[in-house]
Every structure is written in structure tokens, then in C-alpha cells.
Amino acid sequence: MLRRSALLLVVLSAVAIVVTAYAAYDYLSHRARLQDEAFAVAQSQAVAAAQSISSAFGDVMAIAEGLVGELAGGTLAYTDIERRMFDLVGERPDLDGVAITFEPYAYAPDERLFQTYVYQEPDGNFASLVGATYDYTQEPDAAAGIFTAWYVDTIRQGAQWHEPFFATGAQKILVEYGIPFPHVDAEPGAPPAGIISIDYTLQDVSDLIRALELGETGYGFVISGQGTFLAHPVREFVVNRTIFDITGGDQALNTAAQEALDGAGRFVETRDPITGETTWYFFEPIGSTGWAVGIVLNIAQFLPDEAQTVRDQMNILLAGAAAIFLVSTTIFHLDRYRFTNFWAVTLVFTVLCVILIGLAWALTGQLEDDEGVLITSQSQLDRYLQGVEPPAGSNGAAGTAVMQIPTGLLVQALDFPDPTSVTVNGLVWQRYPLESNVTRGFALPQRIGEEATIEEMRREVVDDAEVILWAIGVTLRQTYDTSRFPFDQRTIVVRLAPADMTSPVLLTPDLDGYEILTPRALPGVDSQAGINNWTLLNSHFSYTEPPRRVDFGMRESAGVLPELRFSIQAQRITLGSFIAYLLPGLVAAALTFAYLISGHEPGKREEIPTALSYAAALFFVVAVIHNALRDQIAAVGITYMEHFYLLLYVAIIAVAADVFLVARRPNWFIVRYQNNLIPKVLYWSLFAGVMLISTLATFVY
């Protein structure tokens, strides 16, 4: 029959196992439910995007089919084609060009080739080109420079969307829909009289994709029948790359893309080759074109808050560790109070604490602290700007709209000259409306020191805007939280303010200047802009409310509008700090323990001076390392690693006190029990347990 103490350990072990199982089940089921809900929403977005794009291109096809009906029925005379096409583009300025091209001698018996082409010029106006400029009936041969597939394939194969091409005249990437039209009152099956072609700019496709609500990190793209990108956040991919080029041999992704092009919606969970995140890929066919739309969503954005997730995971791990510990007390028969049993149980407890500490570090290592309203997509920016109005009492308060100045930043080099500042080198550009008279430029409110570079590099007019480029090299004051050292993060913040203080000017992120806005892809940061002993995690623009509502004491002031910030989050590489500070501390802790178990003769008072000398020497070494740590990071409060040093101070004093008790109070129970076993057994257990509590309080709870 089990002893009462053994039975209690068995019951406690069973309860801990049940609690752990329930906590794990509740955690997993909750996440699965959230994922299912998010999956349904994401899939509906992909379907809606495909339908939206299909509808837009369906309109283009309907226009072409309407022209076919007019030509076939004779209601549109060949001589009226040019006028009709100008009327059409006047109604639909989103079309980039319309052409009616005839088969040999179909337009007139004495004219072999004939074409009327109405196209949009770079200034937005439409012009026409009448008459054939080359023989478009030749067999296509790209190697020989004969690009006539747009005509020949349509005549032979019927209505179709062609692969995108760069129109040198319009300086745009276009896609073209071609459809044959018959002779007037021709019999069914008769050879066509020519084709109608409608050009559609890919910019319109990109605008449709950019308008989708895909969260902070999601993005969309469109691929043609051959997998060529028609729209993608990375502009270099458009026309030049296919989805099969960038998948890195991911067969599941390739298969899903091909099946979508064949007309079936598909889903795959994989690592995104662009952002490196685990993502959902949704593919939906665009029925009217034979193309497909892809929606890429980061799974993490649909899961619970990261900090709460870590807390839930640690709760499960703590319950599991408690169960393992209680089971070990049963296995090693702690209830028998034997020497080896105590050491076995304390070893299990210490190892479990160390494992839990390491897991807490790992789970919280990638948590990100965001301040303000993040701007990672055009739709987010548009939503935010809807609520921005001129501050009351400013020059813009009387119905004057806030002037938005697109501003971009490219960070090319970073350095931490000291623990409270950062040096930033890079480029800043701004776009100003030509007719505006606001003061050009920007201010950096955090700038400190006399040495700084803000130099205008270039100025030119682009698309009715004056674009100005500056080179900057400045040191900016920063506020960093060092409480988690050596697992601390630094959010490098560049505050950008308008130079004009008398007009309601709001700086906005120039999102068009970046290929991709996913924060983990580090938009706005040069690939070479690293910092020794730091890893760059993400970058993004954000808005924060101004710290104060002031008029600066001026009669004419714009007041204060939300402030644009560009942030880069960096994570310290811990290896160097471990070697410099943790390793010496562990050696000191081990030496203290070695002195504790080295054996001290009860009642021998000569042990006391030796213990005090030993403690003083270790204390001095630990204090020197501790002070060096604080000097390096300019700590104000107590950092996480200092908890270890404070505990080490206590351990050194406690061991010296234990030697004092052995020498002066040999009959006390704590000294007499199994030759001073209790302090020896508790040393590492208490050390690890207190550090676990410190870790959980600092990182998790």
C-alpha cells in the first residue's frame, strides 16, 4: 500500500497532466477556429478580386463585341470607323487604344492592307493613325523581329487576350484583346474581314489589385495564361518574370498556379518566395481572360495577438514542466528522503527551469512593438487620410484642404555611435505639385550635434510634380528600452516634419516609390545597411499624433498635424553579450557552488576568514563585470541580465553565511541534516527558479 506522501505525489502528477492536456487542447482548438474563420474570409477576398478584375476585362470584351455587331450588321460604315472610335474613347478614357485592322483587300478592292488605330498619347489626349505602317499578315517570328501574333493568332484562333507588351509610343505596358469581325451580312463560318483590338494598360490592373483589403502584409498579383506577371508589387516582375520563375522549385505552388490558369480555384500553404513568411496563396481564375489572380496573405496576421499567443504557450509549457517535475518526484521516490533522491529531483527541477528560460527567450525573440498607425498599403493610407483635417485655428481651418506631400526615404547606412542615438545616412525625396507655393524641404526634429548633411542632389519635373532628392547624413536622438538586455530590441525612428510651418502640410509616405511594402521585406532600407551585432527585423511608415497642440507663438501657423515616421526595428545579436557577460557570471556561480560543496568541518572557526576572503574576491570580480555591462548600454533601470548578477551577489553572501553557520552553529538542523545537504541541494534549484521567475516577469507576463 502506498504511503500517504507517495499517494499525494501521484495525485498531483495526474492533476498536472490533465491540466496540461486541457490547456494544450484549448489553445490548439482556439487557433484552429480562428484559422478556419480567417481562411474563409481570405478565400472570399480572392474570389471577389477575381470577379472584380474579370468584370473590368469583361467590359472591354463587351465593347469589342459591340463593335463587331455594328460592323457585321452594317450600322457602322467603314468610312465612319475613325469617328466611331473617337466617340468610344471619349466615353471610356480608361482604354489605351482601339484598332480596327482589315484582311487584305477587305477594306477596299484597291487597298491591300488597312488599319485605323486611335491611341492615347503620353499627355492623355487621343490621336489616330490611319493606314497600315507594316505588313501585319506576316508569319510571327520573334527571332527575326516580326511581332504579328496579335493579328495572325486572332485571325486563326478567334477572340483572345494576348501576352503583355511594352508599347514604345505610349511608353506603357499594355495587354490587348483581339476579336475577329465578319464581312457585312456574311454567312456563318465565312472568313473574317479583320480584327478589332482594344489595348488596356496594366496600370489599371495594378490599381485594381492595390485597392484590395489584404491587411498589413498581404499583396495580390495577376498572371497571364503563360504565368507572366501582369501586376505585382515588385515592378521588375511585371512582363519580365513568370510565377514559375520565382517559386524556387516549389512544386505545390507551381501546380496550384497552373490549375488556376486552367480554370480551377486553388489554395496552397507555403513559404512566400518574396517575403519569406509562411503564407496562404489563393489562386482564382479570371474567367473572361484565361488569366488568374493570386492573393498572398501572411498567416500570422489572422492569428491572435502575438504577446497573448506567447503567454498561452508559456502557460502550457509551465503546466507541462510541473507535470514532468511531479512525475519525477514519484519516479525518484522523493518521499523516502534519501540523499540520491534529493539530488535527482533537484537536477530535474533545474534542467526544467533552464529549458523554460530558453523557450521564453525563443518565443519572445521576434515580438514586435509598434507605435502609432502603421501604413503598409495604399488602402491603409487612404483610410487614415480620410480622418485628417486642418487643425482648428490654423491657416487651413477655413475649409482649406490639407496639402499632401509624398515623401520617401532610403536608408543606406546605420550606426549606433552611443546607446542613446543613431546615425543615419541615406536619401530623402519629395513630390510637390507644380502650382504649390509651399516651402520645399523637410525637418528632422530628432537631429542633434553640429555635424549634419542635408544636401539637395537633384530636382526635376515628373508627371506634373516637382520631385526633389536630398542626401542626408545625420545623428538622431533615440529612446531605447534596455530592460531586456541582451534580448533587447531597438526601434530606430526617423521623424519627418514639413519645412513649411504656415500651411497645413502633411507628409505622406510615397508608397509608389517602393517595390513591396511588407515590413519584414525591409522597404526603404538598403540591403547593405546593416549594423554590427544587430539584425534588422522590419521597417515601415507610421503616423503618430503630435505630442502637443501648439501655435509656436506665431500669428500665422499651420498648427500641428500628425507626424510621419519611418521606423526600423533591430534585434541585438546575443552571442557577444553572452560571452562577455553571462559566461563569466556562470563561472562565478559554479565556483561559488564548488566552494559550498567542498566540505567544511563543523565547529571549525578558522573556516570563516577563508570564506570571507573567497566571497570578497568573487564579489569584486562580479562587480567589475556588472559595472562594465551598465556602462556599455547606459542602463537607467535594472536590465534583465543584471537580475543574474544581483542573484549572484545574494548567492555569494548566502554561501559565506552558510560557512559561518557550519563553523559557529554546527548543531542547527539545516547544518546537521545529512552533512549540510539542504543548502547544497537548493543552490542550483533556487538559482534557476528565481531566474525563471525573472524571465517570465520580464518577457512574458
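Above this note sits the structure.
Quick look at the structure, then. (Residues numbered from 1 in each chain as written. Predicted model: local features only at pLDDT ≥ 70, side-chain atom pairs only at ≥ 80, totals over all residues. Heavy atoms only, no water.)

### What to know about the sheet that holds strand 18 (residues 465-477)
Right, on to step 1. Taken in spatial order, the 5 strands of this open sheet run 17-18-15-14-20, and their pairing is mixed. Single-partner strands in this sheet number two, and they are strand 17 (447-462) and strand 20 (505-509). Sheet twist, expressed as the mean angle between neighbouring strand axes with direction ignored, is 30 degrees.
Right, on to step 2. When strand 14 (residues 403-418) meets strand 20, the two strands line up parallel, connected through 5 bridges. Looking at the pairing, P406 lines up with T508 of strand 20. (Pairing = 2+ DSSP bridges. Helix = DSSP H or I, 4+ residues; strand = E, 2+ residues; numbered from the N terminus. Axes fitted to C-alpha atoms, helices over the stretch in contact; angles between N-to-C directions.)

### Here's the deal with unusual backbone geometry
Right, on to step 1. Cis geometry is adopted by the peptide bond preceding P486, which originates at F485 and carries an omega value of 10 degrees.
Right, on to step 2. Considering the arrangement of structural elements, one finds P486 in the loop between strand 18 and strand 19 (489-498).
Right, on to step 3. You will see that L522, though not glycine, has its phi angle at about 55 degrees, which is positive.

### Here's the deal with the pattern of salt bridges
Pairing is possible between side chains that carry opposite charge, provided their charged atoms lie close to one another.
Right, on to step 1. Evaluation of the coordinates by the stated rule reveals 14 salt bridges.
Right, on to step 2. For the salt bridge of R495 with E563, the shortest nitrogen-to-oxygen distance reads 2.8 Å. One end of the pair, R495, is in strand 19; the other, E563, is in strand 22 (residues 563-572), with 68 residues separating them in the sequence.
Right, on to step 3. By relative accessible area, R495 is classed as partly exposed at 22%.
Right, on to step 4. By relative accessible area, which is 11% here, E563 ends up buried.
Right, on to step 5. Each member of the salt-bridge network shares a partner with another, and the members are R440, E456, R459 and E466. (Salt bridge = Lys/Arg side-chain N within 4 Å of Asp/Glu carboxyl O. Buried < 20%, exposed > 50% of the residue type's maximum accessible area, 1.4 Å probe, protein only.)

### Re the side chain of Q478
Right, on to step 1. With respect to the helices, strands and loops of the structure, Q478 is situated in the loop between strand 18 and strand 19.
Right, on to step 2. Here V493 takes part through its backbone nitrogen, which lies 2.8 Å from a polar atom of the side chain of Q478. (Polar contact = N/O pair within 3.5 Å; in protein donor to acceptor, adjacent residues only side chain to side chain.)

### What about the pairing of strand 8 (residues 219-223)?
Right, on to step 1. For strand 8, the tally of buried residues reaches 5 of 5 residues, placing the bulk of the element in the interior.
Right, on to step 2. Burial along strand 8 is two-sided: the residues Y219, F221 and I223 and G220 and V222 are all buried.
Right, on to step 3. Judged from the 5 bridges that link them, strand 8 and strand 12 (residues 291-298) form a sheet pairing that is antiparallel. By the bridge assignment for strand 12, Y219 is matched with V296.
Right, on to step 4. The pairing of strand 8 with strand 9 (residues 229-231) spans 2 bridges and is classified as antiparallel. Bridge pairing in strand 9 places V222 opposite A231.
Right, on to step 5. With antiparallel pairing between neighbouring strands as the criterion, strand 8 and strand 9 make up a hairpin whose turn holds 5 residues, including G227 at a positive phi of roughly 90 degrees.

### Concerning the sheet that holds strand 11 (residues 278-286)
Right, on to step 1. Taken together, the 5 strands give an open sheet; going across it, the order is 9-8-12-11-10, and neighbouring strands pair in antiparallel fashion. The outermost strands of the open sheet, each flanked by one partner alone, are strand 9 and strand 10 (266-271). Recorded for the sheet is a direction-independent mean angle of 30 degrees between the axes of neighbouring strands.

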